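# Notes for the structure review
Below are the chains, spelled out letter by letter.
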Amino acid sequence: DVKVTQSSRYLVKRTGEKVFLECVQDMDHENMFWYRQDPGLGLRLIYFSYDVKMKEKGDIPEGYSVSREKKERFSLILESASTNQTSMYLCASSFQGADTGELFFGEGSRLTVL
Amino acid sequence: GENVEQHPSTLSVQEGDSAVIKCTYSDSASNYFPWYKQELGKRPQLIIDIRSNVGEKKDQRIAVTLNKTAKHFSLHITETQPEDSAVYFCAAYTGFQKLVFGTGTRLLVSP
């Protein structure tokens, strides 16, 4: 059974803080993704990675960066958190490309920026 | 880029009724259309998908239809049950690992 684990379910941070969201998958998947989920806006892709040390911007990368030093781990970084980054963040992984492989999601990290 | 519109945003049905959720996409090159179900407080999970070379696919009480000419696809749930209550997301694959999701439909099935 594929498992995608996000390190924190709930976080509260202050404006300007640096925030790290960690994601680990245990199925040797090549692809990993970070989505942001907001009511009425669905799931929006922030960044994705198709290999170690490789990253590609998604649809809303501004204010975010990512790191993939190991195949199983994909981190989302908010260099200077702002209140408009208060959201639910979902990590996902897939074995093949998004058009041929199921996305396996983590349980999400709800971030509140005060 | 690809744009996926999903309707309705909320759908309430009685147990046993059918439910239909519709999505339209803009990029005619999109070739893969999955549907994800997210129960309250849980992660989204794939429930069914369809590729552009197929017009319809069924899995027990759920089915998906695709009209490539009109660029829309729909999720059909028959004989709805309370456990079908969830948020459903459609998506379209636009190329290069990117899935574009719709805005979601909250389905409420009342006993």
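About the cut-offs
- Every residue gets a number counted from 1 within its own chain, in the order that chain's sequence is written.
- Chain letters start at A and ligand numbers start at 1, both assigned in the order the entries are written.
- Local features in this predicted model are restricted to residues whose pLDDT is 70 or higher, and side-chain atom pairs enter the listing and the counts only when it is 80 or higher, whereas totals over whole chains, interfaces and linings include all residues.
- Only heavy atoms go into the side-chain values, all of them from the structure, while hydrogens and water stay out.
- Note on terminology: a nonpolar core comprises buried Ala, Val, Leu, Ile, Met, Phe, Trp, Tyr and Cys residues joined through side-chain atoms within 4.5 Å.
- Burial classification: accessible surface area is computed with a 1.4 Å probe over protein chains only, and a residue below 20% of its type maximum counts as buried, one above 50% as exposed, and the rest as partly exposed.
- Each helix corresponds to a stretch of at least 4 residues labelled H or I by DSSP, and each strand to a stretch of at least 2 residues labelled E; elements are numbered beginning at the N terminus.
- Any two residues having at least one pair of non-hydrogen atoms within 4.5 Å are treated as being in contact.
- Only Phe, Tyr and Trp rings are paired, with Trp represented by its six-membered ring, and only when their centres lie within 6.5 Å; those with planes under 30 degrees apart are stacked, over 60 edge-to-face, the remainder tilted.
- A pair of cysteine sulfur atoms is labelled a disulfide when the two atoms are within 2.5 Å.
- Cavities and pockets were defined on a 1 Å grid built over protein atoms only: a cavity is a set of grid points that admits a 1.4 Å probe from which the probe cannot escape, a pocket is an open set flanked by protein on both sides within 12 Å along at least five of seven lines, and lining residues are those with an atom within 4 Å of any such point.
- Grid points are joined across faces, edges and corners, and a volume is the space filled by probe spheres set on the points.

### Considerations on the nonpolar core
- Formed by 24 residues in total, the largest nonpolar core has its most connected members in Trp35, Phe73 and Leu107 of chain B.
- Secondary structure elements with two or more residues in this core: β2 (10-14), β3 (19-25), β4 (32-38), β5 (45-51), β7 (62-67), β8 (72-77), β9 (86-95) and β11 (105-110) of chain B.
- If we skip the residues at most four places from it in the chain, phenylalanine 73 of chain B touches Ile21, Lys22, Cys23, Tyr25, Phe33, Trp35, Thr65, Leu66, Cys90 and Ala91 of chain B.
- Membership of the second largest hydrophobic core comes to 20 residues, among which are Leu11, Val19, Tyr47 and Leu111 of chain A.

### Regarding the packing of aromatic side chains
- Following the criterion strictly, the structure yields 12 aromatic pairs over all chains and no others.
- Here tyrosine 35 of chain A and phenylalanine 101 of chain B contribute two aromatic rings whose centre-to-centre distance is 5.4 Å and whose plane-to-plane angle is 90°, an arrangement assigned as edge-to-face. Here phenylalanine 101 of chain B lies in strand β10 (residues 98-101) and tyrosine 35 of chain A lies in strand β4 (residues 31-38), a pairing that spans two chains. Residue tyrosine 35 of chain A shares its accessibility class with phenylalanine 101 of chain B, and that shared class is buried.
- One aromatic cluster is present, built from ring pairs that chain together Phe33, Tyr35, Phe48 and Phe105 of chain A together with Tyr36 and Phe101 of chain B.

### Observations concerning the state of the cysteines
- This model, assessed by the stated rule, comprises two disulfides over all chains.
- A disulfide bridge connects cysteine 23 of chain A with cysteine 91 of chain A, and the sulfur atoms are separated by 1.9 Å. Torsion about the S-S bond of the cysteine 23 of chain A and cysteine 91 of chain A cystine: about -80°, corresponding to left-handed handedness. Separated by 68 residues along the polypeptide, cysteine 23 of chain A in strand β3 (residues 19-25) and cysteine 91 of chain A in strand β9 (residues 87-94) bring together distant segments of the chain. In this structure, cysteine 23 of chain A and cysteine 91 of chain A share a single accessibility class: buried.
- The disulfide partner of cysteine 23 of chain B is cysteine 90 of chain B, and the gap between their sulfur atoms is 2.0 Å.

### Section: the layout of surface pockets
- Here the largest pocket defines a volume of roughly 650 Å³.
- Lining the largest pocket are 30 residues; nearest its centre among them are Gln37 of chain A together with Gln38, Leu40, Val87 and Arg106 of chain B.
- When residues of the lining of the largest pocket are traced back to their parent elements, those giving at least two are β4 and β9 of chain A together with β9 and β11 of chain B.
- If you tally residues by element for the lining of the largest pocket, the top one is β11 of chain B, at four residues.

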